[in-house]
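# Structure assessment
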Amino acid sequence: MKSPAFAPDAAPAQVSIALGARHQLRAVLAARAVNRVMVVASERTAGSGVVRAMLDRTAARFLIRFTAFTPNPRIEQTLAGSALREHWQPDIIVAIGGGSAIDTAKLLRSLPPRRETALRVLAGDEAPVPHPVPLVAVPTTAGTGSEVTRFATVYVGDVKASLDHPTVLPEHAIVDPELLRTCPTTLMYSAAFDTLCHALESYWSRRSTAPSRALALPALRQTIEILARDLEVVGDNERLALASAATAAGRAIDLTRTTAAHAFSYPLTAHFGVPHGVACLLNLLWLVDYNSERIAHRTPAATRVSTVRAALRRLDPRSAPAQAVRSLLVRAGLPDRLSDYGVRHADVCHLVDAGLGSTRSGNNPVPLDHGAVSARIYSLV
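Residues numbered from 1 in each chain as written. Predicted model: local features only at pLDDT ≥ 70, side-chain atom pairs only at ≥ 80, totals over all residues. Heavy atoms only, no water.

Assigned secondary structure in the protein consists of 16 helices and eight strands. Here the C-alpha radius of gyration of the protein, 20 Å, is about what a compact globule of 381 residues would show, namely 21 Å. Along the three orthogonal principal directions, the C-alpha set of the protein runs to about 60 × 45 × 40 Å. Sequence separation of 24 or more characterises 80% of the internal contacts of the protein that already satisfy a separation of 6 or more. (Helix = DSSP H or I, 4+ residues; strand = E, 2+ residues; numbered from the N terminus. Rg over C-alpha atoms; globule rule 2.2 N^0.38 Å. Contact = heavy atoms within 4.5 Å.)

Moving on: the packing of aromatic side chains. Inspection of every chain in the model, using the stated rule, returns four aromatic pairs. Seen from their ring centres, Y189 and F193 are 5.9 Å apart, and the 45° between their planes marks the pair as tilted. Separated by four residues within a single helix, Y189 and F193 lie in helix α7 (residues 185-204), roughly one turn from each other. Comparing Y189 with F193 shows no difference in burial state: the two are buried. Ring geometry for F264 versus W286: centroids 5.3 Å apart, planes at 80°, classification edge-to-face. Within this pair, whereas F264 is found in the loop between α10 (260-263) and α11 (265-272), its partner W286 is found in helix α12 (residues 276-294), the two being separated by 22 residues in sequence. Of the two residues, F264 and W286, neither departs from the other in class, the shared state being buried. Here the aromatic residues F264, W286 and Y290 are joined through ring pairs into a cluster of three or more. Positioned above the aromatic ring of W88, the side-chain terminus of R36 is 4.3 Å from the ring centre. Over the aromatic face of F151 sits the side chain of R360, whose NZ or CZ is 5.4 Å from the ring centroid. (Phe/Tyr/Trp six-rings, centres within 6.5 Å; stacked < 30°, edge-to-face > 60°. Buried < 20%, exposed > 50% of the residue type's maximum accessible area, 1.4 Å probe, protein only. Lys NZ or Arg CZ within 6 Å of the ring centre and 35° of its normal.)

The terminal C-alpha atoms of helix α13 (residues 300-313), which comprises 14 residues, lie 20 Å apart, in line with the 20 Å expected from a rise of 1.5 Å per residue. Residues of α13 that are buried: A301, A302, R304, V305, T307, V308, R309, A311 and L312. As for α13, its buried residues are in contact with α7, α8 (210-227), α12 and α14 (321-331). (Expected span 1.5 Å × (residues − 1).)

One can describe the packing of α11 onto helix α15 (residues 348-357) by two numbers: an axis separation of 8 Å at closest approach and a directional angle of 125°. Between α11 and α15, the crossing angle belongs to the class labelled oblique. Judged by the sense of rotation from one axis to the other, the crossing of α11 with α15 is right-handed. Where α11 approaches α15, its residues P267, L268, H271 and F272 are matched on the opposing element by H350, L351 and A354. (Axes fitted to C-alpha atoms, helices over the stretch in contact; angles between N-to-C directions. Parallel < 35°, antiparallel > 145°, perpendicular 65-115°, else oblique. Left-handed = near helix turned anticlockwise from the far one by under 90°.)

Moving on, we get to helix α5 (residues 99-110). In this model, α5 (twelve residues) spans 16 Å end to end at C-alpha, consistent with the 16 Å of a helix rising 1.5 Å per residue. Counting buried positions along α5 gives eleven out of twelve residues, so the element sits mostly inside the fold. Inspection of α5 places G99, A101, I102, D103, T104, A105, K106, L107, L108, R109 and S110 among the buried residues, and these make up the whole buried set.

Take the sheet that holds strand β3 (residues 62-66) next. What the six strands build is an open sheet, ordered β1-β8-β5-β4-β2-β3; its pairing is parallel. Two strands close off the open sheet at either side, each with one partner strand: β1 (14-17) and β3. Each neighbouring strand pair of the sheet contributes to a mean axis angle of 15°, computed without reference to strand direction. Pairing analysis gives five bridges linking strand β4 (residues 92-97) to strand β5 (residues 135-139), with the strands arranged parallel. (Pairing = 2+ DSSP bridges.)

The subject of this paragraph is the pairing of strand β6 (residues 151-156). Most of β6 is tucked away: five of the six residues are buried. As defined by bridge partners, β6 adjoins strand β7 (residues 159-164) across six bridges and the pair is classed as antiparallel. Following the sheet pairing, V154 is matched in β7 by A161. Linking two consecutive strands that pair antiparallel, namely β6 and β7, is a turn of two residues; a positive phi of about 65° is found at G157 within it.

Right, let's talk about the side chain of T195 for a bit. With respect to the secondary-structure elements, T195 resides in helix α7. Among the residues examined, T195 registers a relative accessible area of 0% and is labelled buried. Of the polar contacts made by the side chain of T195, one reaches the backbone oxygen of G143; its length is 3.3 Å. Here T195 is in contact with A142, G143, T223, A245, A246 and A249, once residues within four sequence places are set aside. (Polar contact = N/O pair within 3.5 Å; in protein donor to acceptor, adjacent residues only side chain to side chain.)

Should pLDDT be low for a region, the predicted coordinates there are not to be read in detail. Confidence in the prediction for the protein averages 93 pLDDT; 97% of positions are at 70 or higher. Within the model, the stretch residues 1-8 combines pLDDT values under 50 with 20 contacts to residues more than four positions away or in other chains. (pLDDT = per-residue confidence, 0-100.)

Moving on, we come to the pattern of salt bridges. Within the structure shown, the criterion is met by 19 salt bridges. Of the charged contacts in the structure, one is a salt bridge between R181 and E178, with a shortest N-O distance of 3.7 Å. Here R318 and D316 are joined by a salt bridge, their closest N and O atoms 3.4 Å apart. A relative accessible area of 79% places R318 in the exposed class. (Salt bridge = Lys/Arg side-chain N within 4 Å of Asp/Glu carboxyl O.)

Here I295 shows up in the loop between α12 and α13. For I295, a relative accessible area of 8% gives the class buried. For the pair I295 and S306, spaced eleven residues apart in sequence, the C-alpha to C-alpha distance is 10.0 Å. Excluding anything up to four places from it in sequence, I295 contacts A301, A302, V305, P365 and V366.

Written out as structure tokens, the structure reads:
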């Protein structure tokens, strides 16, 4: 039976957001009386003193680590994790890291280890693993919102696929901004750009609702307020604000899903290695004006697009919204031309085909015309 592409009927994850919240992990595991814990984290994260201290204080007798994945995880990596999970039979999975670590954990607990069956699950032709192992997500970046969403991204070849099902949602999210202290500034910016795009896209999406907007708009404004500063010198209070915004924006896209900025980011990441949050922001350079110019006036959607534009102007009241977005890239020391990331004019057609082929494009507040979009992206090369 084909699973629904959009199923909002899972209970929200239990979320703790506070400085020092990571110390709650032991209580979460003790409450479940776990004996065997599977940790999903990168080699660097798993080896850090802070994470070792978190895990050493757990009451588990047996602990196994899965670190064999890369940023933007591949299907082969997640299937190796699924095989380990099926063989080792953990009582609980703990994902510690950015969106790639958390998505990997979601995937390896929900996908069967057999490739053909896993691909049918990703296509929605078969259900994920029933009654998956409980999952605790501990983000070490502030941006992806993966700790509170019921979908996970994986690349099958060069094609981005998404596992979207209520059982993918983590049971617990422990958000500790102190874990951001060692996050490289470039990664902080990319993750914050992802938060901005999540909040912005959820707010103007076709699936926008009053509850999603109540999460998205404050998250957008709070992220903009933090991004107006230098992320290299922010303190714990700013990290707490950014982490709170990221989780709220994650909850917003859990209700609505993203739109065209994300749809067109995937080929930039897959083919040119552009970090995900940066790729999303680059697409706002053309999308903000595109949506504004083509939206039907005096409609609720037009009001939402105007609200987004007004929020972006807070970055620089003297600049147009698209120019304000460009200023974020400049502040982060990143190029604002696609050619600087290796994109050529000959690549534009492929980028547009791939973007329009994503289901996220259909969630954009206005239809996306191939020729008009191509012209906009061509001008950024």
